[in-house]
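In case you want the letters, here they are:
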Amino acid sequence: MWQNIEAAPADSILGLTDAFKKDGNPEKVNLGVGVYKDDEGNTPVLSCVKEAEKILLASEKTKSYLPIPGDPGYGKNVQKLLFGEENEVINSGRAVTAHAPGGTGALRVGGDLLKKFYPDAKVWLSSPTWANHNAVFSAAGFELEQYAYYDAENRQLDFDGMTASLENIPGGDVVLLHTCCHNPSGVDPDREQWRRIAAISNEKGWIPFLDFAYQGFGESVEADRFAVEQFAALGGDFLVASSFSKNFGLYNERTGALTLICPTQKEAAVAFSHLKTTIRVLYSNPPAHGGLVAATILDRPELYSLWIEELGGMRERIRDMRRALVEGLVARGVEGDFSYIARQRGMFSFSGLSAEVVDWLRENKSIYVVGGGRINLAGLTSKNIGYVCDAIAEALQ
Ligand code: PMP
């Protein structure tokens, strides 16, 4: 069957991790894949997760199937986290949520659902965006377009370009927006800019599809909701793909959610029925463990506080590494203004390193950076930061 078929290329980001694992250099550093690491270079299970797992282990009575949209308690908790406890969207019942296998699963379920009812819509992605967005929405059968986003020259948001693009997108098309901690640039719209983006969506009638993979990694769980709140306040339709992979460290439990927000409860019920039929043919019903862990933490004030503390620790460590990288490069006399690295948010930074430098770092120093120069700051530690700064300084000489 496969004799005359060429092998598919390795995934651009996960393939890099495979190469990293095979590298025998004891000083190797992985700044590629978007996984949080502590100062020891480990991706630990959060203590709040361990506590929740103890509770679940003691109380679990069955491994029977979950309902198609997952545990109802999970859906409620996802909504509380997305919108805040007393939000009109929740009280009116105009939002419905299904547990999806990770943020990726949520994006694909949303894509398949939209394709059924808006077969001629195009999906608009930011330029640049997370590589898998392109693959997920093409797999769902969509034609893709790009809207302006990152100004590489000035290393900031190209807001004029962005609004000019968004104003030209026809009603009925789908626009994917990163709500915070844009991957790969680390550059987000500010509050005023989000208000403007939401207003354009309202004027033009395109469908906002929000990708919310990093809640809590920007400023805080509450502040990072700002974009979601702006679209909720419009009272219209939008979708949110959210993920607990990063903020709960539940990467391999595939714990995400797709939330559909509609103008009325009646429309939400119709939307939910179609969401369920879409899921049924994709994976039937979701895996249970991660969702139960997240709901157990979000339901219990003491575990919630512990989570907020641990999430804050992750966010602060990444910020410290941003500062340390900027200071390290300045201290080595590397030419240029690197202060933008400290201003960017979330796990990633567009380092501005050229393709040649990225290759040189991998081949000569075993430092792995995604093509395009995206650096995962969480891959830096107090032990390897000096080595990385030396290597970059040498590469840029
Ligand atoms: N969206 C963005 C912007 C991401 O960066 C990621 C993870 N890299 C995802 C979605 C998918 O997250 P998950 O691992 O939960 O599928």
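Definitions and limits used
Residues numbered from 1 in each chain as written. Predicted model: local features only at pLDDT ≥ 70, side-chain atom pairs only at ≥ 80, totals over all residues. Helix = DSSP H or I, 4+ residues; strand = E, 2+ residues; numbered from the N terminus. Rg over C-alpha atoms; globule rule 2.2 N^0.38 Å. Buried ≥ 20, exposed ≤ 12 C-beta atoms within 10 Å, placed from the backbone. Near = placed C-beta within 6 Å. Nonpolar A, V, L, I, M, F, W, Y, C, P; charged D, E, K, R; others polar. Pairing = 2+ DSSP bridges. Axes fitted to C-alpha atoms, helices over the stretch in contact; angles between N-to-C directions. Contact = placed C-beta atoms within 7 Å.

## A closer look at the overall build of the chain
Step number 1: Scanning the chain from N- to C-terminus turns up 15 helices and 13 strands.
Step number 2: Since a compact globule built from 397 residues should have a radius of gyration of about 21 Å, the 21 Å found for the chain is in line with a globular shape.
Step number 3: Summarising its shape, the C-alpha atoms of the chain cover approximately 65 × 55 × 55 Å along the three principal directions.
Step number 4: Within the span of the chain, comprising 397 residues, buried residues form 46% of the whole.

## Thoughts on unusual backbone geometry
Step number 1: In the segment running from Ser-127 into Pro-128, the intervening peptide bond is cis, with an omega of 5°.
Step number 2: Note that Pro-128 resides in the loop between strand S3 (122-127) and helix H6 (131-139).
Step number 3: With an omega of 20°, the peptide bond between Asn-183 and Pro-184 qualifies as cis.
Step number 4: Position of Pro-184 among the secondary structure elements: in the loop between strand S7 (174-178) and helix H8 (191-204).

## Things to note about the site of the ligand
Step number 1: The full set of residues close to the ligand is Gly-34, Gly-102, Gly-103, Thr-104, Trp-130, His-178, Asn-183, Asp-211, Ala-213, Ser-243, Ser-245 and Gly-256.
Step number 2: For the shell around the ligand, the element with the highest residue contribution is helix H5 (residues 102-117), accounting for three residues.
Step number 3: The residue makeup of the shell around the ligand, split by class, is two nonpolar, nine polar and one charged.

## Considering the sheet that holds S3
Step number 1: Sheet architecture is open: seven strands sit in the order S2-S10-S9-S8-S7-S3-S4, paired in mixed fashion. Only two strands of the sheet have a single partner each, and these edge strands are strand S2 (95-100) and strand S4 (143-148). Along the sheet, successive strands turn relative to each other by an average axial angle of 25°, direction set aside.
Step number 2: Examined bridge by bridge, strand S9 (residues 238-243) and strand S10 (residues 256-261) share six bridges and lie antiparallel to one another. Note that in S10 the partner of Ser-242 across the bridge is Ala-257.
Step number 3: Helix H9 (residues 226-234) contacts S7, strand S8 (207-212), S9 and S10 of the sheet and is inclined by roughly 155° relative to S8.

Everything listed is a geometric property; what it means functionally is a separate question.
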